[in-house]
2 protein chains.
Amino acid sequence: MKFLRRCATAVITAAVMSQPVLANRTPADYVDPFIGTSNFGATHPGAQVPHGLASVSPFNVAFGYPQLNEFEKDEAWNSRVYIHENQFFTGFSHLNLSGVGCPEAGVINLMPTSGDLSLAPEEYGSTFSDQQASAGLYNAHIDKYDIDAEVTSTARAGISRFRFSPGRNHIVLNLGLALTNETGASIRQTSPTEFVGSRTLGTFCYNPEDVRPVYFVMQLSDAPDQAGVWKQMPAYKNVEADWVAVNDDVKTYPDYPYPLHGDNIGAWASYNADSAHTVSVKIGISFVSIANARKNLEQEIPAFDFNSTRRQAKQAWNDVLQRVQVEGQAADKTRFYTALYHTLIHPSIFSDINGDYPITGGGATGNASVPRYTVYSLWDTSRNVHPLLSLLYPRTQSAMMRSAIAMGRESGWLPKWELYGMETNVMVGDPGTVMMADSYLRGIQDVDIDAAYKMMVRAATQADNNLLRPDAADYLSLGYVPYDDEGPYDGSVSTSLEYYQADFALSRLAAKLDKPDDAARFANQAQEFTRLFDPATGMLRPKNRKGEWLSPFDPELGKNFEPAPGYIEGNAWNYRFYVPHGMQTLIEKLGGPAAFEAQLDKTFATDNFDMANEPDITYPYLYLYTPGGFNKASNKVAALRDHHFTTEPGGIPGNDDTGTMSAWLAFSMMGIYPLSPGEPSYAMVSPAFDRITISLDDTYYPGETLTIRRDTEASRITFNGRPVTGAFIAHQQLIQGGTLVIPAADTQE
Amino acid sequence: MKFLRRCATAVITAAVMSQPVLANRTPADYVDPFIGTSNFGATHPGAQVPHGLASVSPFNVAFGYPQLNEFEKDEAWNSRVYIHENQFFTGFSHLNLSGVGCPEAGVINLMPTSGDLSLAPEEYGSTFSDQQASAGLYNAHIDKYDIDAEVTSTARAGISRFRFSPGRNHIVLNLGLALTNETGASIRQTSPTEFVGSRTLGTFCYNPEDVRPVYFVMQLSDAPDQAGVWKQMPAYKNVEADWVAVNDDVKTYPDYPYPLHGDNIGAWASYNADSAHTVSVKIGISFVSIANARKNLEQEIPAFDFNSTRRQAKQAWNDVLQRVQVEGQAADKTRFYTALYHTLIHPSIFSDINGDYPITGGGATGNASVPRYTVYSLWDTSRNVHPLLSLLYPRTQSAMMRSAIAMGRESGWLPKWELYGMETNVMVGDPGTVMMADSYLRGIQDVDIDAAYKMMVRAATQADNNLLRPDAADYLSLGYVPYDDEGPYDGSVSTSLEYYQADFALSRLAAKLDKPDDAARFANQAQEFTRLFDPATGMLRPKNRKGEWLSPFDPELGKNFEPAPGYIEGNAWNYRFYVPHGMQTLIEKLGGPAAFEAQLDKTFATDNFDMANEPDITYPYLYLYTPGGFNKASNKVAALRDHHFTTEPGGIPGNDDTGTMSAWLAFSMMGIYPLSPGEPSYAMVSPAFDRITISLDDTYYPGETLTIRRDTEASRITFNGRPVTGAFIAHQQLIQGGTLVIPAADTQE
């Protein structure tokens, strides 16, 4: 109840603040970056450009003050730099993840203050008000200091503009305060207006091994009256404590010309002003070097021209968002374009403006003419984000595929959960294979598929020391992963299902590449899921090496994210129908379409459907296989769409998972959905708009425009005037261009 | 009592350990580096070369364990990396100061261990035994791990050789543990056998402003089986504490290829060995850059040839020590050569092997062909260390003068207490002027004296914003520094006395440079000390701006280093006769030679003489002005020499003050002493040796050899056969070479 009340408050605030009234609104004008900033959506309202590495987000998760900051970052497994309910603002962080489930980044915090200089964020933090956020722009009033702050971004840099009142004003850079659980930074003042340094990141999802620095260059528009670097000093003891000038407090080093290192350090610049004045601060970042951070900054934001950068950021969003034009209600447009916006944040550009990028798994630097991407949360995104990118932005998806193949060349394996050049190995399965095969089969073929194929086959067949499929030996010999050696976050059934899916996608790719033996082999492997089907319970049930079912067995266990043997992030119900390539087999085993529909109904009725996590998000579409068919599927999709996805800050049902929840919404509002990776087709339900017009990329696709119409008069689905047979339409058909007419669902049914 | 017992224990240990029995002992063989390592001498037994920047010293002052480590570094104002009584060894530090009074440096700690890897020094520390130290070499047995450790050094690098037993052995580099009160470091593994980084130093004498990094490169002789960097992680709270892999403990980063920063970080390398094996570790340092540290290391210690470096270090010591040959008892030779050794440690070479050095007071780098020196503790060393260097090593003294002038060009002021390129402004007065004028007048004139003279005049005449003489305005207008605005460590009388002395030296230099007006002006200023002579007490007494004496006035206050208005590090008695250029005037004011002698006697009788601090250390020589004359002076000097300076670890009466106490002993054992800076002459007393033979530097001095003979038969002092009139002999005479015969003092008198 308490939680709901806060959400309700937030709704009003977001609605009031985020949407300027415009006569002629562009797609970017519909984006509401506050959506997803409550209810654990883990998006942030900060300024960013599509697939930008840098972003500039308000940071308000430090320090748990009752009433003021109810959610303290360390009180939970908190993956958010910004929580809409929180009121205690401590600056703008310049490297942020969007919609992830683990704490990381949230570093390079920049705070404007005034009055006596304070360098302790618990002191210098402030409430903020009048927040406004749009695509590429965020601004707020910082109450304690009467400062108006605006921030915008490019791909690798951010610029902030602070409007100060007369008096003594400060810019504080804090390299201690962060969301990441790693520590350590370096800072150096290189001129009256420039500071450079690095901040260590890492331990994503509490994996202690994945650690690396991000480099930055900060430049000020105006030379300060005083500036320097600072460091939190330790608590000295004994006689030392009497003598040291700074004990257990922040020490300042004015005009310090050397690099300063420490766990909790930063910089500051002070201005004494007789009148109100504006100071702008540019920060460029790089994962390669300080020199590259400076190049990124100076090329992307050459001058302290805030408005120009802001306009460019908005234009960058319109350039991508306008590929899809929708006709419908404003609130639906807000939901749709914000969802599309959220799918276009990660993967992020990793390479510097000169093409340099960090080679995976080591300290070396590579250089390439195509952009290198990072932040591949593939267990999530292989399902629908990459299919969405493949349809709408095949050029971008091609670059992401090439990045993934390059990573595989460097490390030997395609990525699974790649973060800033590190394979974090978070979650299970082999989703790189799924992503790669699916995209290639959709027609994005300007990649070195032979190299990729070898990596995929390695992952599918190497029994021992298999980085991507640590359970390959058992899987290959038994046809499933037994629960015998299962760790608390392994999930033997979940892992098996992911392997089946990857093998299915790989078999389709093998067929496409004219490798019939491989195709048959992997297709057979993919069908082994039946070994886990338990006729007694109708569930995909954990089995041990001897072939015995896990017993006792509670299919509901895991519903609330408690550990459940066999399943990761879910329970047996959530994973029950998760064999998209084997639905006909599963349906038969469950007693045919009607019996299957009853079980589907039961899933929803017993609250065993989780809209907030990936394994079961396709389930409303599964009515397409049942007597309920198109109408039931359409109505279920629409109900979930409207219940879970709103224009409120809590308008994403949980972690956006680097756009996966949003991609579900975007596809679902367009009335098409990729149900089975490796099968380049879309399930169809009634769209949320009367008309959706997609501009197809003519480099990849023969058609120019694909229009999807919701027709209240139509009785069946047609494409370019011809009836479509079945519930699915091939990707290869749609990319020819034309008009897909989908009836409005009969809500009476 | 407790303290004395410990000293007694230490005596035995030092005597047993430090002196190998050699048939033909060179001067270096007489050096006992344990002398001064107890009784707050603050020297260390580590390996070093003359004026070397680097040294490799055992570090045993961390963690106060009863019985084991009685002296914990933070329990007192502790300036020592090594205390002879302490038993808990935590590694070898590679940048150390010798004989200073404030904590600083003691960084880059290298520890060999074995068994399970521990990176917490309170755990991995060990007792040590079989310590041996000689000039350029230290070795010990590390008990806990059965490791034999030997270390030696060059000017800018150290090499350690560790003999491990079979098993799992480790090299641990700790950049957290240090004597300095600054924090913060950087480390990066650059190859299987190389680590580079930096460590922040500073806050010498608790001055928070003087901070800077030292850079280093560490190379291992053998590729380890496992290696990486490490960092102390903070104490996480709340839910984070449950999840982070390392909470409030050390985290390891194996094979981490990036720079790692933090308050408490380091590196380690592990070896798995089936048999006993040796690993050598080289560490080069630089105050300019990591690249220069590598150049220093690779040029000074090109191979892992420990024995070659050790031989070079000893040879370097013999090259300088053999300039003085003494004939006498072995224990006296030990006292003398160890004293000479201690005078040849600071100032230290600051420039890198390629000539690069940090420009004073900023982050810029200069380059010069002559070595740049650092560590100028001039309030101490201007008295006797630089006169000693001027006599024995004029080439070195010339380079030190040129370094000081170069610092003046960079900062505008000659140094006062310059440390690693920073003017720390510790202590009072204008001792740079004293050192410069005195050395020039002794004949070291291959320096830009015109430039130096301008700096000296600036310090002597600039009323406001005078860095060296902050009390110049009052001093110039009143003729003394009044006590009105005195801070707790200013000492208005002490400061005035230092200014008079500097003005006297400057007046003599002005005369030498043919500037009669300046000479007269500064000579007059130097005589103003009479304004502070209080006929009522016979003391040099604090006076305020109105000309009123401080009242009440206790001339004994300050005896135990408690704050005493008017005096710094002493009381009125200690400063009573501290006008070496004005002794005749003072003696008259005190009632003539006999009355003066009575007051001198009273000084010693009432325990108001302090052998352990500089202001009064010339007082035994002042009997030369009294009826007691040569015999009384000689006997007093001999008594102090033998009482306070021994071959024991406690054999220096207090802080060696970068060689000043030791220079007192060296001069006093040679029977000559420079009483008054600016007057290039020596007071003479009976030497401690039968014969002292000094090889004069023929570049600077006309003579080849100066011999000083103690002649039990002689009744008066002669030089080259001619009687010497008075108690003093001119430097210009001695450097002509020849034989100075000094009678043995009549101990009956």
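Residues numbered from 1 in each chain as written. Chains lettered and ligands numbered in written order. Predicted model: local features only at pLDDT ≥ 70, side-chain atom pairs only at ≥ 80, totals over all residues. Heavy atoms only, no water.

Q: Mind laying out a negative patch on the surface, listing which residues take part and the relevant values?
A: Negative charge collects at one region of the surface, where Glu122, Glu123, Asp248 and Asp249 of chain A lie side by side. Residue placement: glutamate 123 of chain A occurs in helix α2 (residues 121-124). (Patch = residues over 30% accessible without salt bridge, like charges linked within 9 Å, V, L, I, M, F, W, Y side chains within 5 Å. Areas by Shrake-Rupley, 256 points an atom, 1.4 Å probe, with all protein chains shown as cover. Salt bridge = Lys/Arg side-chain N within 4 Å of Asp/Glu carboxyl O. Lys, Arg positive; Asp, Glu negative; His and termini not counted. Charge placed at Lys NZ, Arg CZ, Asp CG, Glu CD. Helix = DSSP H or I, 4+ residues; strand = E, 2+ residues; numbered from the N terminus.)

Q: Provide a residue-level description of the state of the cysteines, including the pertinent values.
A: Residue and element names in this part refer to chain A. Taken as a whole and assessed by the stated rule, the structure comprises two disulfides over all chains. Here cysteine 102 is linked by a disulfide to cysteine 205, with a sulfur-sulfur distance of 1.8 Å. Its torsion about the S-S bond being 90°, the disulfide of cysteine 102 and cysteine 205 is classed as right-handed. On the criterion of sequence distance, the pair formed by cysteine 102 in the loop between β3 (92-93) and β4 (109-114) and cysteine 205 in the loop between β11 (194-202) and β12 (211-220) is long-range, its members being 103 residues apart. Residue class for cysteine 102 comes out buried when judged on its relative accessible area of 6%. (Disulfide = S-S within 2.5 Å. Buried < 20%, exposed > 50% of the residue type's maximum accessible area, 1.4 Å probe, protein only.)

Q: Lay out the packing of aromatic side chains in plain terms, naming residues and giving numbers.
A: Residues and elements named next belong to chain A. Using the criterion set out here, one finds 71 aromatic pairs over all chains in the structure. Consider the rings of phenylalanine 667 and tyrosine 682, whose centres lie 6.0 Å apart with planes at 45°: the pair is tilted. Separated by 15 residues along the polypeptide, phenylalanine 667 in helix α19 (residues 660-670) and tyrosine 682 in strand β29 (residues 681-684) bring together distant segments of the chain. Neither residue differs from the other here; phenylalanine 667 and tyrosine 682 are each classed as buried. One aromatic cluster is present, formed by Phe34, Tyr82, Phe89, Phe92, Phe128, Tyr138, Phe162 and Phe164 through successive ring pairs. Over the aromatic face of tyrosine 480 sits the side chain of lysine 543, whose NZ or CZ is 5.5 Å from the ring centroid. (Phe/Tyr/Trp six-rings, centres within 6.5 Å; stacked < 30°, edge-to-face > 60°. Lys NZ or Arg CZ within 6 Å of the ring centre and 35° of its normal.)

Q: Go over a nonpolar patch on the surface with me, naming the residues and quoting the values.
A: Taken together, the side chains of Trp243 of chain A together with Trp77 and Tyr489 of chain B define a hydrophobic patch exposed on the protein surface, amounting to about 310 Å² of accessible area. Tracing the sequence through the fold places tyrosine 489 of chain B in the loop between α12 (472-478) and α13 (492-512).

Q: How would you summarise the packing of helix α8 (residues 385-392) of chain B against helix α10 (residues 431-442) of chain B if you had to cite specific residues and measurements?
A: Residue and element names in this part refer to chain B. Between α8 and α10, the least distance of the axes is 10 Å, while the angle of their chain directions is 25°. Classified by the angle between their axes, α8 and α10 sit roughly parallel to one another. For the crossing formed where α8 meets α10, the hand is right-handed. Contacts from His386, Pro387 and Ser390 in α8 reach Met435, Asp438, Ser439 and Arg442 in α10. Its residues placed into classes, the contact of α8 with α10 shows two nonpolar, three polar and two charged. (Axes fitted to C-alpha atoms, helices over the stretch in contact; angles between N-to-C directions. Parallel < 35°, antiparallel > 145°, perpendicular 65-115°, else oblique. Left-handed = near helix turned anticlockwise from the far one by under 90°. Contact = heavy atoms within 4.5 Å. Nonpolar A, V, L, I, M, F, W, Y, C, P; charged D, E, K, R; others polar.)

Q: Describe in detail the pattern of salt bridges, supporting the description with residues and values.
A: Summed over all chains, the structure comprises 51 salt bridges over all chains. Arginine 469 of chain A serves as the salt-bridge partner of aspartate 430 of chain A, at 3.0 Å between the closest nitrogen and oxygen. Residue aspartate 430 of chain A is located in the loop between β25 (422-423) and α10 (431-441), and its partner arginine 469 of chain A is located in the loop between α11 (449-461) and α12 (472-478); the two are separated by 39 residues in the primary sequence. The pair aspartate 430 of chain A / arginine 469 of chain A is uniform in exposure class, with both members buried. For arginine 372 of chain B, the salt bridge goes to glutamate 410 of chain B, with nearest N and O atoms at 2.6 Å. Placement of arginine 372 of chain B in the loop between β21 (365-367) and β22 (373-374) and of glutamate 410 of chain B in helix α9 (residues 394-411) is noted, with a sequence separation of 38 residues between them. Classification of arginine 372 of chain B as buried rests on a relative accessible area of 4%. Judged by its relative accessible area of 27%, glutamate 410 of chain B is partly exposed.

Q: How would you summarise the UniProt feature "domain: Glycosyl hydrolase family" (unreviewed entry) in chain A if you had to cite specific residues and measurements?
A: What UniProt calls "domain: Glycosyl hydrolase family" (unreviewed entry) maps, in this numbering, to residues 292-742 of chain A. With 41% helix and 12% strand, the stretch residues 292-742 of chain A has end C-alpha atoms that lie 50 Å from each other. (UniProt positions renumbered as here; feature names shortened; annotations may be inferred.)

Q: Account for the interface of chain A and chain B, naming residues and giving values.
A: Counting residues at the interface gives 46 residues for chain A, matched by 46 residues for chain B. Surface buried jointly by chain A and chain B totals about 3,900 Å² across both partners, of which 54% is contributed by carbon and sulfur atoms. Inspection of the region where chain A meets chain B yields four salt bridges. We note a salt bridge from lysine 251 of chain A to glutamate 182 of chain B, for which the minimum N-O separation is 2.5 Å. Seen at the junction of chain A and chain B, the total is 30 residue pairs in polar contact (both at pLDDT 80 or more). Among the secondary structure elements, those contributing two or more residues to the side of chain A that touches chain B are β10 (185-191), β11, β12, β13 (226-232), α3 (238-243), β14 (250-254) and β15 (260-262) of chain A. Broken down by class, the residue content of the side of chain A that touches chain B amounts to 22 nonpolar, 13 polar and 11 charged. (Buried area = accessible area lost by both parts, 1.4 Å probe. Polar contact = N/O pair within 3.5 Å; in protein donor to acceptor, adjacent residues only side chain to side chain.)

Q: Describe the sheet that holds strand β29 (residues 681-684) of chain B, naming the residues involved and giving the relevant values.
A: Residue and element names in this part refer to chain B. A sheet is described by the order of its strands in space; here three strands give the open sequence β28-β29-β34, paired in antiparallel fashion. Here the strands that pair on one side only, and so sit at the sheet edges, are β28 (672-673) and β34 (728-730). Relative to β34, β29 runs antiparallel, the two being bridged by three bridges. Counted as the bridge partner of serine 681 is alanine 730 from β34. (Pairing = 2+ DSSP bridges.)

Q: Give me the relation of the copies chain A and chain B: which residues, what numbers.
A: By a simple turn and slide, chain A fits onto chain B: the slide is 0.0 Å along the axis, the RMSD is 0.0 Å, and the turn is 180°. Between the two chains, the operation in question is that of a two-fold axis. When C-alpha distances to the rotation axis are compared across chain A, the minimum falls at glycine 262 of chain A, with a value of 1.9 Å. Comparing contact sets, 100% of the residues at the interface of chain A also lie at the interface in chain B, consistent with an isologous, same-surface contact. (Least-squares fit on C-alpha atoms with pLDDT ≥ 70 in both.)

Q: Could you give an account of the sheet that holds strand β15 (residues 260-262) of chain B, with specific residues and numbers?
A: All names here are of chain B. Strand order in the open sheet made by the 10 strands is β2-β5-β6-β7-β8-β17-β12-β11-β10-β15, with antiparallel pairing throughout. Since the sheet does not close on itself, it has two edges, and those belong to β2 (88-89) and β15, each with one partner. Strand direction decides the pairing type here: strand β7 (residues 147-153) and strand β8 (residues 157-164), joined by six bridges, are antiparallel. Paired with aspartate 148 across the bridge in β8 is arginine 163. Each of β8, β10 (185-191), β11 (194-202), β12 (211-220) and β17 (277-286) touches helix α4 (residues 290-300); the most contacted strand, β12, lies at about 45° to it. Sitting on the sheet, helix α5 (residues 306-321) is in contact with β6 (137-142), β7 and β8, with an inclination near 50° to β7.

Q: Give me the UniProt feature "domain: Glycosyl hydrolase family 92 N-terminal" (unreviewed entry) in chain A: which residues, what numbers.
A: UniProt marks residues 30-286 of chain A with the feature "domain: Glycosyl hydrolase family 92 N-terminal" (unreviewed entry), using the numbering shown here. In residues 30-286 of chain A, helix accounts for 4% and strand for 43%; the two terminal C-alpha atoms are 31 Å from one another.

Q: Which residues make up unusual backbone geometry, and what are the values?
A: At the junction of histidine 346 of chain B and proline 347 of chain B, the peptide bond is cis and its omega measures out at -10° in the coordinates. For proline 347 of chain B, the position within the fold is in the loop between α6 (330-343) and β19 (348-349). Going from serine 551 of chain B to proline 552 of chain B, the amide bond is cis rather than trans, its omega being -5°. Summarising the element assignment, proline 552 of chain B is placed in the loop between β27 (539-540) and α15 (572-575). Positive phi outside glycine occurs at alanine 42 of chain A, with the angle close to 70°. Even without a glycine there, the phi angle at tyrosine 206 of chain A is positive, about 60°.

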